[in-house]
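Residues per chain are reported as follows:
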Amino acid sequence: MQDFTGTITPADLHFEVHHAGVPAIDPAKHTLLVHGRVDRPTVFSLADIKRFPQVTRTHFIECAGNGVLGWGTNEFGKPNPALTPQQIAGLTSNSEWTGVPLRVLLAEAGVRRGAAWFLAEGGDACLMARSIPMEKARDDALVVWAQNGEPLRPEQGFPLRLLLPGWEGSTNVKWLRRIELGTQPWMTRWETATYTDPLANGTARQFAFEMDARSIITSPSHPQTIERGWRQISGLAWTGRGKITRVDVSTDGGRTWVTAVLQDPVLSKAHTRFTHMWEWDGRETIIMSRAVDETGYVQPTRAQLIEARGIGTLYHYNPIYGWRVMPNGRVFFYGAT
Ligand SMILES: Nc1nc2c(c(=O)[nH]1)N[C@H]1C(S)=C(S)[C@@H](COP(=O)(O)O)O[C@H]1N2
Ligand SMILES: [Mo]
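Rules used throughout
- Residues numbered from 1 in each chain as written.
- Chains lettered and ligands numbered in written order.
- Predicted model: local features only at pLDDT ≥ 70, side-chain atom pairs only at ≥ 80, totals over all residues.
- Heavy atoms only, no water.
- Helix = DSSP H or I, 4+ residues; strand = E, 2+ residues; numbered from the N terminus.
- Buried < 20%, exposed > 50% of the residue type's maximum accessible area, 1.4 Å probe, protein only.
- Contact = heavy atoms within 4.5 Å.
- Phe/Tyr/Trp six-rings, centres within 6.5 Å; stacked < 30°, edge-to-face > 60°.
- Lys NZ or Arg CZ within 6 Å of the ring centre and 35° of its normal.
- Domains from an automatic or database assignment.
- Buried area = accessible area lost by both parts, 1.4 Å probe.
- Salt bridge = Lys/Arg side-chain N within 4 Å of Asp/Glu carboxyl O.
- Polar contact = N/O pair within 3.5 Å; in protein donor to acceptor, adjacent residues only side chain to side chain.

1. A short note on the environment of alanine 129
Part 1 of the argument: Inspection of the secondary structure puts alanine 129 in strand 6 (residues 129-133).
Part 2 of the argument: Note on alanine 129: relative accessible area 6%, which makes it buried.
Part 3 of the argument: Residues alanine 129 and serine 215, 86 residues apart in the sequence, show an inter-C-alpha distance of 29 Å.
Part 4 of the argument: Sequence-distant contacts of alanine 129, defined by excluding residues within four places in its chain, comprise Leu119, Ala120, Glu121, Thr188, Trp190 and Glu191.

Next up, the structure:
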């Protein structure tokens, strides 16, 4: 992450999360079954799906567990200073995806009254499956087969994956082979035992689909060493709720903030590059960034997150992070602030 420029993640460097390995699938034999609360249960081959009008959209996919390393502390109660942007925020990647809107395929099968949820099932060994509200299918859900102009990589779900823009990574089911429409969620193990957030009051937050806005300065960051004088601070910001509208940068440990420049085009539910010119005077300081999105949501501090959810949260952990710049120019992870 700290070595990228721009906003697109090269396909071969897309992060990977798989719960049961990467299946080897013959695209000529792969099918997608759409059934349940539909008028005409339908089996689509890959060729069938590619005959529909295709769309291309740029979106990030982010694991809900992104950032969990930055939350932890070492034996001195401090975050590990040697963590890099990749390690604290690298479970997100941004690609140009090509496919067909899910609502087009569902219209072929004929959605029956009362269908409120659908189950998306993958063709890996664990048959990973997530329950998704039908509103997302009517909105911007896609069934994609290409990534950055080439077929999906096997690790990204070749030959077919569900893409739910802005929603937590685990709902973007790879190796998609079955969609079942129903009236309520299926309560699979990936929405009960995992991908739920324990709260301070002993209950758990479930179906936390939208990814909250966050940002990370990728340069300067660990393990860089910087020189005095003018340089560019650069980083990435994104939100699952639409567009990033502002990124604030502080070069004095959060005492004062300035508005960073957002690189065009700012796309919805996509990585946005921000920059800020900074003259470093050689003194020790802490630099940090704070994202704001079009709903007015402001990236929280660690204290605000703990207040809202307690200390048990492993997912959707998006606090403002700091980097400590030492007088010798070395840069270390300062932790969540
Ligand atoms: N079938 C299937 N789909 C899956 C997974 C999986 O293990 N099996 N992992 C999910 C999780 S937890 C995440 S974060 C994203 C990661 O997508 P990527 O590996 O393309 O980065 O895929 C999701 N889709
Ligand atoms: Mo994930």
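2. Notes on the packing of aromatic side chains
Part 1 of the argument: Under the counting rule described, the total for this entry stands at eight aromatic pairs.
Part 2 of the argument: The interplanar angle of 5° and the centroid separation of 4.4 Å between the aromatic rings of tryptophan 167 and phenylalanine 209 together place this pair among those described as stacked. Within this pair, whereas tryptophan 167 is found in the loop between strand 9 (161-163) and strand 10 (176-182), its partner phenylalanine 209 is found in the loop between strand 12 (204-205) and strand 13 (214-219), the two being separated by 42 residues in sequence. This pair shows no difference in class: tryptophan 167 is buried, exactly as phenylalanine 209 is.
Part 3 of the argument: One aromatic cluster is present, built from ring pairs that chain together Trp117, Trp167, Phe207 and Phe209.
Part 4 of the argument: The ring of tyrosine 297 has arginine 241 sitting right over it, with the charged end atom 5.1 Å from the ring centre.
Part 5 of the argument: Positioned over the ring face of tryptophan 257 is arginine 290, at 4.1 Å from the centre of the ring.

3. Some thoughts on the domain arrangement of the chain
Part 1 of the argument: Domains assigned within the chain are domain 1 (11-205) and domain 2 (214-336).
Part 2 of the argument: If you average the C-alpha positions of domain 1 and of domain 2, the two centres end up 27 Å apart.
Part 3 of the argument: In this assembly, 37 residues from domain 1 lie in contact with 32 residues from domain 2.
Part 4 of the argument: Summing both sides of the interface, domain 1 and domain 2 together bury roughly 2,800 Å²; the carbon and sulfur share of this comes to 62%.
Part 5 of the argument: Sorting the residues of domain 1 by area buried against domain 2 places Phe60, Trp71 and Pro85 first, and these three jointly supply 24% of that buried surface.
Part 6 of the argument: Counting across the domain 1 and domain 2 interface gives two salt bridges.
Part 7 of the argument: Two residues, lysine 269 and aspartate 140, come together in a salt bridge whose shortest N-O distance is 2.9 Å.
Part 8 of the argument: For the pair domain 1 and domain 2, the interface holds 16 residue pairs in polar contact (both at pLDDT 80 or more).
Part 9 of the argument: When residues of the side of domain 1 that touches domain 2 are traced back to their parent elements, those giving at least two are strand 3 (55-62), helix 2 (68-71), helix 3 (85-89), strand 4 (92-101) and strand 11 (197-198).
Part 10 of the argument: Ranked by residue count, the leading element in the side of domain 1 that touches domain 2 is strand 3, at four residues.

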